[in-house]
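Each chain, letter by letter, is given below.
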Amino acid sequence: MNISFRFKQTKLSQFPKTENKTLISISECRKRLVQFQYQECLKGNFDVCSQLEKLLLEYIALLDEILKQQIKEEITFSWNDSYEPNKFTQSNQWHYEYACNLYNLGILFYHQGENIQQIKDSLTKSRNSLWCYQKLQEVLPFINSKIVQQHSDLSVVHIYMLNSYASAFGYKKLYDHFKQNNKGNDELMDSLGFLYEANKLYDSSIRYLIQSKQCQKKQIPPIIYNQLLEKFTNDSTVSEVILYVELAKMMADTAKEFPKELRMGKAIAYINKAEQAITSIFKKYKTKNQFLVDQLTQILVQKKEYNYLNDKVNKNPIAKEYELLQLTVKQDLIKPKAPDFYAQNNEQKQKQEDEKKFAVLKLIEEINSKKLQANQKLVQFQNQYTTIFTQNNLQYMLDAFQNAEQLKLTPSIQQKVDFIKDRGGWKGYSQQINKVHQLQQEQGKQLIQIKNLIDHQTQIEGNVEQGKKQLTQQQIEVFRRVFDDLQKRLLEANYIHKNNEDQIQKVKDQLLFIEQNNNQMITSKMQTSLQESQKFYKQNIIHLKSVSLSVEIINNKLEMIKQQLASLEKYIDDLRLDKSLINGIDQFMQQQIMKIITQKINDYDAIFQSINLNQLEEVSKKLKEQQLFMAIANQDEEAFENQLKPIIEAFQNLDYGQQFYESVQLQIVQVSQALQELVNRVNQ
């Protein structure tokens, strides 16, 4: 039995005193599950597996009932990640409890299917496990995402992986069944179609497993990941090899009957593909699958025989990939099937709930429609508002309006000025340069010490009188190479630092100006921009005030719209329609819900109607000489901002240079310590 697929484990939960019969039954059944010896199932004990199956199905049926009820009591459930047994996660969500038990049931059905000898019963268990994984995908969205992310085995990708693997197992069983009963080549081709589909699904399992390692969710521990990858690869290769060997045999056996089809050439191509598949997996993994080892021996014999017959009799060219047979794909034959006990227990209940569900589904559809319309209306308004704002350069107009009233830097320039001031201007730069110079001096001294120590070891040649021993020649050479590398890195660091010093000297005057002056003095550098702002301000004072006021009002109302939409969405979320879908909502309650939502939508629409975007657009177009102002006023600002960019870049390069020195410093310390420790150990 495959130990890589393990059961999730849980702890006892404290249930409150209650008169709810379903809750009492759940408490008792859960205690039996916690105390159950799951390890006996992993050992292949059929009777124990049957007992666990009955107990899990009984418990899941009880959970189905409790999920339909409005339970006020909060019960904490603790479950581990099946791949990390000692890490438990707690949640009071019933869907969490439901999902973990469904997972265990799916794993149980898989193990049962592997150990049952009768193919029909094994297929049934495989379909039962597919049902568990399908139902698990339906349950997971109702669980808090932060809880799900604590479990690598509950990720959607992992469930897809288990689903593909169980399907592959089912198709492999179908192949075994048809192979036993086939009476001719047509039946053989049908059975090989099942094997072909199994091979595709095994490959799909491998892709999902690899994808689980690449996603940002919690990942399977590396050891178990490698176990699973090796097992899946072996299973895929086994099915692939059987497929190619059977096809090769069929082509070889019928080569005389169909000489025009050059079947012996196809037989050799298939037997080569089987050999390549085995040699490929043997290169990947040290542990070799015994079945594949035996198959390789037989394949080599067959290959020799086919080549001999082909050379002496058939003389067929070896077939190309596109010349090989196209197998019929047998899809969707292995479908999920609910366990008989569960299906019978739920059939009658399902009929009673269908009518209630239909009414709630209709309500949900109507609510979602109104919610979608509200969101679309907001997006449409924002797009229209942004278009007007952009086309008329309103942000620049408003900045000019503010600049005309007081000396003020634009946000982009202000950000760069703040950065330079935070770094201390020329003074801050000088301090950082001094720090780098200190690192240079220290590293130079340490490199000299390392070189002296290496040279000293080279000069010692078995000086027994002084009781000193020499490092081996190989050890000395290793440290010499490391020393040379350190010298190169230090030279590279010095080169970077020299470039940084040259770069900062070019902008020293500008750096000192920003360090020594406040924002108003800095703004005065852009006289042309200020003069144009004031000129534009005088010409358009009335319209600018109108634009500024309109923008402020619209922004405030836009915030009100977002708050109203958030209120609507919160009300819909608080309805918890997922639970209502199960329990149903009476007609009066449905009417009240729609009445409240309609009122919220009306309030939402009223805010939109109070906004006049056309008025904003008309006022914006009345601004005089707008384009001329934009062309002139932007010149000074752009030129000044371009002067700041080299300063920012210089500081960033200086940071990089310092980090480079610090990394070299760390290497020097490590090498020095390692060399000194080795010398001390040799002379002990």
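What counts and how
- Residues numbered from 1 in each chain as written.
- Predicted model: local features only at pLDDT ≥ 70, side-chain atom pairs only at ≥ 80, totals over all residues.
- Heavy atoms only, no water.
- Helix = DSSP H or I, 4+ residues; strand = E, 2+ residues; numbered from the N terminus.
- Buried < 20%, exposed > 50% of the residue type's maximum accessible area, 1.4 Å probe, protein only.
- Contact = heavy atoms within 4.5 Å.
- Areas by Shrake-Rupley, 256 points an atom, 1.4 Å probe, with all protein chains shown as cover.
- Core = buried A, V, L, I, M, F, W, Y, C linked by side-chain atoms within 4.5 Å.
- Axes fitted to C-alpha atoms, helices over the stretch in contact; angles between N-to-C directions.
- Parallel < 35°, antiparallel > 145°, perpendicular 65-115°, else oblique.
- Left-handed = near helix turned anticlockwise from the far one by under 90°.
- Lys, Arg positive; Asp, Glu negative; His and termini not counted.
- Salt bridge = Lys/Arg side-chain N within 4 Å of Asp/Glu carboxyl O.

Taking an unreviewed UniProt entry as the reference, the protein chain is identified by name as BRO1 domain-containing protein belonging to Paramecium sonneborni.

A. Highlighting the overall build of the protein chain. Tallying secondary structure elements over the protein chain gives 24 helices and two strands in all. Per-residue burial for the protein chain yields a buried fraction of 46% across its 684 residues. Within the protein chain, counting contacts between residues at least 6 apart in sequence, those at least 24 apart form 82% of the total. Surface accessibility of the protein chain: about 37900 Å² in total, with carbon and sulfur atoms responsible for 49%.

B. Region of interest: the nonpolar core. Ranked by internal contacts, the top residues of the largest apolar core, which has 110 residues, are F5, L52, W94 and L105. A per-element tally of this core places helix α9 (residues 222-253) first, with 16 residues. When near neighbours in sequence (up to four residues on either side) are disregarded, F5 contacts L42, Y83, I107, Y110, H111, M161, L162, Y165, L228 and F232. Among the nonpolar cores identified, the runner-up in size contains 26 residues, and L363, I367, V551 and Y604 belong to it.

C. Region of the structure containing the packing of helix α4 (residues 94-115) against helix α7 (residues 156-181). Viewed as axis vectors pointing N to C, α4 and α7 meet at an angle of 25 degrees, and their least axial separation amounts to 11 Å. The orientation of α4 with respect to α7, classified from their angle, is roughly parallel. The two elements α4 and α7 meet at a crossing, and its hand is left-handed. Residues Y103, I107, Y110, G113 and E114 of α4 form the contact with α7, whose own contacting residues are H158, I159, L162, Y165, F169 and K173.

D. The arrangement of the side chain of K135 in detail. With respect to the helices and strands, the residue K135 is situated in helix α5 (residues 119-139). Here K135 occupies a buried position and makes no salt bridge, while the nearest side chain of opposite charge, E138, is found at 4.5 Å. Beyond its immediate chain neighbours, meaning those up to four positions away, K135 contacts Y98, L102 and Y342.

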